[in-house]
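# Residue-level structure breakdown
Chain residues, written in single-letter form:
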Amino acid sequence: MTPSPARQAPVTVCVFAQRFSSTPRGARLARHLALYRLHLWGIPYGSDASDTAALLVAELAANAVTHGRVPGRDFEVRLSLHASTLRIDVSDPLGERRPAAPGTLTDPPPGVVGGRGLLLVEALSDRWAVLDRSPVGKTVRAELDLSR
């Protein structure tokens with residue numbers, strides 16, 4: 001007789017993926033739909049986790065629209081909630097323009113208006129990375145540990 005395997009707690013993984021037009025309106029819609037989905041998953045509007053996720057999605061979507069735009073091609077937002085980790089992936093079709101790697105970002109020169117989005121991502125997320133996207137493009141991933 002073989003021993004029965006130890007019982008494990010069931011694991012629920014929630015996933016949301018949507019493509020958006022590479023426009024400011026698409027980036028805004030991405031943020032709104034992401035917050036709505038998180039609310040449905042039990043992360044209420046106005047909570048610290050929801051507000052942080054909103055900033056991350058907004059910055060990553062704005063970067064995809066501004067720096068990763070290819071005319072006629074969309075960008076994609078993918079959220080996944082596994083146990084107590086929220087993963088935010090924003091993909092765009094322009095793989096040639098890759099941002100600086102985590103830990104290597106520098107402040108823009110004084111007087112420069114933009115260039116601080118990934119500094120916010122680095123400050124707000126627990127982990128982030130830039131990944132290749134198959135067949136073309138790149139994905140910027142940010143993760144939040146919700147158990148804090």
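Structural data are supplied above this passage.
Overview of the structure. Because the structure is a prediction, the values reported are computed rather than measured.

### Quick look at the packing of helix α1 (residues 24-40) against helix α2 (residues 48-67)
The geometry of α1 relative to α2 is characterised by a closest axis approach of 9 Å and an angle of 155° between their N-to-C directions. Considering their axes alone, α1 and α2 lie roughly antiparallel with respect to each other. For the pair α1 and α2, the sense of crossing is right-handed. Of the residues in α2, those touching α1 at P24, A27, A30, R31, A34, L35 and L38 are S50, A53, A54, V57, A58, A61, A62 and V65.

### Overview of the nonpolar core
Core analysis: the biggest nonpolar cluster contains 30 residues, and L60, F75, L79 and I88 have the highest contact counts within it. Those elements that provide at least two residues to this core are β1 (13-20), α1, α2, β2 (75-82), β3 (85-92), α3 (117-124), β4 (127-132) and β5 (138-145). Here the element with the most residues in this core is α2; it accounts for seven residues. If we skip the residues at most four places from it in the chain, L79 touches C14, V15, F16, A34, L38, W41, V57, R87 and I88.

Rules used in this analysis
Residues numbered from 1 in each chain as written. Predicted model: local features only at pLDDT ≥ 70, side-chain atom pairs only at ≥ 80, totals over all residues. Heavy atoms only, no water. Axes fitted to C-alpha atoms, helices over the stretch in contact; angles between N-to-C directions. Helix = DSSP H or I, 4+ residues; strand = E, 2+ residues; numbered from the N terminus. Parallel < 35°, antiparallel > 145°, perpendicular 65-115°, else oblique. Left-handed = near helix turned anticlockwise from the far one by under 90°. Contact = heavy atoms within 4.5 Å. Core = buried A, V, L, I, M, F, W, Y, C linked by side-chain atoms within 4.5 Å. Buried < 20%, exposed > 50% of the residue type's maximum accessible area, 1.4 Å probe, protein only.

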